[in-house]
Amino acid sequence: MLHAQILTLFPEFFASPLSCSIPRRAIDAGLVRVDCLNIRDFCTDKHRRADDVPYGGGPGMVMKPEPVVAAIRDARARDADTRVVLLSPAGRPFTQDKARAYAGLSGLTLLCGRYEGIDERVVAHVDEELSLGDYVLSGGEPAALSVLDAVIRLLPGALGDAESAAQDSFADEGLLDWPHYTRPEVFEGQRVPEVLLSGNHAEIDRWRRAQAQERTKKRRG
Ligand code: 4GY
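Residues numbered from 1 in each chain as written. Predicted model: local features only at pLDDT ≥ 70, side-chain atom pairs only at ≥ 80, totals over all residues. Heavy atoms only, no water.

Q: What is the right way to read the overall build of the chain from this model?
A: Scanning the chain from N- to C-terminus turns up seven helices and nine strands. For the chain, the spread of C-alpha atoms along the principal axes amounts to about 70 × 40 × 30 Å. Per-residue burial over the chain gives 39% buried out of 221 residues. Excluding contacts between residues fewer than 6 apart, the proportion of contacts in the chain whose partners are at least 24 apart in sequence is 77%. Just so you have it, the chain exposes about 13000 Å², and 50% of that area is on carbon and sulfur atoms. Computing the positive centroid from 28 side-chain charges and the negative centroid from 33, the chain places the two 1 Å apart. (Helix = DSSP H or I, 4+ residues; strand = E, 2+ residues; numbered from the N terminus. Buried < 20%, exposed > 50% of the residue type's maximum accessible area, 1.4 Å probe, protein only. Contact = heavy atoms within 4.5 Å. Areas by Shrake-Rupley, 256 points an atom, 1.4 Å probe, with all protein chains shown as cover. Lys, Arg positive; Asp, Glu negative; His and termini not counted. Charge placed at Lys NZ, Arg CZ, Asp CG, Glu CD.)

Shown next, in the form of structure tokens:
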């Protein structure tokens, strides 16, 4: 069982996505446990302030280090072996290989920032900074949710037969997925490629692989 912990100012952000489809079933089946810890609960001042103005000036607010570090300490106290990952555009890129590595851990803690960022001195308390890509979200929460989703579907037993990860073997080779079609045979004048109607599975496999290679070259090449 993977123990995921999420450190956030918005724990309610995660309720609906984790209550649907594959993540929901994985939680219900006991493959993963997800605990959302509210960073505000670790504020000790009477106004429970989690942010403050930036040293050096400039717009926006910065997350204060004390409550964030107290939350990290609590996550580590609950799970001594947890890996603490800070979601940030300044992190190293998230990949399918990383998802596989996280799926093999006993504990994963995802730390979500808000505002202009988290006080840099918090970085000394995390194991890794991770980025979903070169764009800026309004908080780390959607990034943490994406990481958790990518990890959960890799846990043994998380995918039903219908969802089984056939295309993942292609992702392993660094290829993009091939195009998919279902009924009807003609949609808005566009026909399903004839080979997919042929029933010749060797030829279908060859066509799909060729499509995956062509797309990868065109789009990533
Ligand atoms: N991109 N990959 C990302 C992000 C929002 C200010 C720190 C990203 O992972 N996280 O854009 N995060 C920022 C917002 C505080 C997190």
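The structure having been displayed, the exposition proceeds.
Q: Teacher, can you tell me more about the environment of W207 here?
A: For W207, the position within the fold is in helix α7 (residues 201-220). On the basis of relative accessibility, which here comes to 19%, the residue W207 falls in the buried class. Linking W207 and P65, residues 142 residues apart in sequence, is a C-alpha distance of 54 Å.

Q: Would you mind showing me how to read the pairing of strand β2 (residues 32-38) here?
A: Within a regular strand, side chains alternate between the sheet's two faces. Where burial is concerned, most of β2 is hidden: five out of the seven residues are buried. Looking at chain direction, strand β1 (residues 2-8) and β2 are connected through seven bridges and run parallel. Bridge pairing in β2 links L7 to L37. (Pairing = 2+ DSSP bridges.)

Q: Would you explain the site of the ligand in this entry?
A: With respect to spatial proximity, 18 residues lie near the ligand, and among them Y115, L132, G133, Y135 and L137 are the closest. Backbone polar atom of G133 to a nitrogen atom of the ligand: 3.2 Å apart, as the coordinates give it. Bound to the protein, the ligand loses 95% of the 390 Å² it would expose on its own. Within the residue set of the shell around the ligand, elements represented by two or more residues are β5 (83-93) and β7 (128-131). When residues in the shell around the ligand are grouped by element, the largest group, three residues, is from β5. (Near = heavy atom within 4 Å. Polar contact = N/O pair within 3.5 Å; in protein donor to acceptor, adjacent residues only side chain to side chain.)

Q: What's the story with the pattern of salt bridges in this structure? I'm lost.
A: Side-chain pairs of opposite charge can arise where the charged atoms are in close proximity. Enumeration according to the criterion identifies 16 salt bridges in this entry. Among the salt bridges present, the one from E214 reaches K218, with a minimum N-O distance of 3.3 Å. Of this pair, E214 and K218 are both found in helix α7, four residues apart, which corresponds to roughly one turn of the helix. Overall, the relative accessible area of 43% leaves E214 in the partly exposed class. A relative accessible area of 68% means that K218 is categorised as exposed. When salt bridges with common partners are traced through the structure, they connect R83, K98 and E128 into a single cluster. (Salt bridge = Lys/Arg side-chain N within 4 Å of Asp/Glu carboxyl O.)

The analysis is restricted to geometry; functional conclusions fall outside its scope.
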